[in-house]
Amino acid sequence: INPSNGALYLEMTDDQFNFSHKLYGVETKFIDRVKRQYDNSSGNLGLLLNGVKGTGKTVTSKLISNNMQLPVLLVNSYYPHLPAFINKIQQDILVLIDEYEKIYTAENASVLTVMDGVLSNGSGRIFILTTNNERINENLIQRPGRIRYRKTYRDLKKDVIEEIVDDVLQPDRIQHRANLIEYISCLELITIDIVIAVTKEVNIHDESPKEFKDIFNAQQKASLYDVVRIVDGVVHEFFTDSNVNI
């Protein structure tokens, strides 16, 4: 932004998004679907990726951006004249708005006019919105014309947890692997950062998570369902206290 008149201008920062760390749980199938949809349609394409930090939404949005091979406009602040500015760009572009709900509230939702194509100049646009929660403008929900794909990122899958543990756990701590994975599976929130932190705790102190679970800053679930049975058409869930099974 030009501080003298508030005008917007583009400044290139890199050829693509780069990663300095190994990527876990890459959503290859979803990324390919988005690319195929873009290649076989016209107009705008919107994606809403929701989930807490560390569950993969930002990595996925950056990988999609790289895969599209389009200029990426990264929006990290609210700009009143952004819709008009975007519509002046005479080519297909991808607009990435990270933590959308913090930038565009009900009071400043003017970007919706661009997503609807009201000001369309004939160029296609992909909008990727990431959010830590879905308390966002209700006009985005159940409107595939605006948001085609709405994906929620929750806890990491077991195979991803195991891959991270196997990468981080020291060979001389392998005796703790089973208890470590079981402990992680009982947490209320399972992110990449948490899995790495717990595994490093085991590395440093050479002890099972049952030794430090009461002081480690990671909340466990109140209960863990062990068995699900259907009897006469009724679902019966049998569970035990997760703390007992460590």
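Note that the structure is a prediction, hence the values are computed from the model and not measured. (Residues numbered from 1 in each chain as written. Predicted model: local features only at pLDDT ≥ 70, side-chain atom pairs only at ≥ 80, totals over all residues. Heavy atoms only, no water.)

Enquirer: Please clarify how the overall build of the chain should be interpreted in this entry.
Expert: Scanning the chain for helices and strands turns up eight helices and seven strands. Counting the 246 residues in the chain, one finds 39% classified as buried. Considering only contacts in the chain between residues 6 or more positions apart, those separated by 24 or more positions represent 71%. Accessible surface, the chain as shown: approximately 14400 Å² in total, 48% of it carbon and sulfur. (Helix = DSSP H or I, 4+ residues; strand = E, 2+ residues; numbered from the N terminus. Buried < 20%, exposed > 50% of the residue type's maximum accessible area, 1.4 Å probe, protein only. Contact = heavy atoms within 4.5 Å. Areas by Shrake-Rupley, 256 points an atom, 1.4 Å probe, with all protein chains shown as cover.)

Enquirer: What is the right way to look at the packing of aromatic side chains in this model?
Expert: Where two aromatic rings form a pair, the distance of their centres and the angle of their planes describe that pair. Inspection of the entire model under this criterion finds three aromatic pairs. When the ring of F212 is compared with that of F216, the centres are 5.6 Å apart and the planes differ by 55°; the resulting orientation is tilted. Judged by relative accessible area, F212 falls into the buried class, the value being 1%. A cation sits over an aromatic face here: K151 above F30, 5.5 Å from the ring centre. Note that K151 overlies the ring of Y153, its terminal NZ or CZ placed 5.3 Å from the centroid. (Phe/Tyr/Trp six-rings, centres within 6.5 Å; stacked < 30°, edge-to-face > 60°. Lys NZ or Arg CZ within 6 Å of the ring centre and 35° of its normal.)

Enquirer: Explain helix 6 (residues 158–168) to me, please; I cannot follow it from the model alone.
Expert: Along an α-helix, residues three or four positions apart point the same way, because every turn accommodates 3.6 residues. For helix 6, the full list of buried residues reads V160, I161, I164 and V165. Axial view of helix 6: buried residues confined to an arc of 135°, hence all on one face. Exposed and oriented more than 90 degrees from the buried face of helix 6 are K158 and D159. Where helix 6 is buried, its residues contact helix 7 (177–185) and helix 8 (192–205). (Arc of directions from axis to C-beta.)

Enquirer: Help me understand unusual backbone geometry in this model?
Expert: Apart from glycine, the bulk of residues carry a negative phi angle, and the bulk of peptide bonds sit in the trans form. Even without glycine at this site, E99 takes up a positive phi of about 55°. Residue position: E99 is located in the loop between strand 3 (93–97) and helix 4 (100–103). Residue E99 is classed as partly exposed on the basis of its relative accessible area of 29%. Of note, D206 is a non-glycine position whose phi angle comes to about 50°, a positive value. By the secondary structure assignment, D206 is in the loop between helix 8 and strand 6 (224–231).

Enquirer: Which parts of the structure should I look at to understand the pairing of strand 2 (residues 72–75)?
Expert: Remark: a regular strand shows side chains that alternate across the two faces of the sheet. Only one face of strand 2 is covered, namely the one carrying L73 and V75; the face carrying V72 and L74 has none of its residues buried. Pairing geometry for strand 2 and strand 3, over four bridges, is parallel. Directly across from V75, in strand 3, lies its bridge partner I97. (Pairing = 2+ DSSP bridges.)

Enquirer: Looking at this model, I keep getting lost on the nonpolar core. Mind explaining?
Expert: Within soluble globular proteins, side chains that are nonpolar tend to cluster in buried spots. In this structure, L156, V165, I184 and V198 are the most contacted members of the largest nonpolar core, which totals 21 residues. Listing elements by their share of this core, those giving two or more residues are helix 6, helix 7 and helix 8. No other element matches the five residues that helix 8 contributes to this core. Residue contacts for L156: discarding those within four places in its chain leaves G54, T55, I161, I164, I190, T191, I192 and V195. (Core = buried A, V, L, I, M, F, W, Y, C linked by side-chain atoms within 4.5 Å.)

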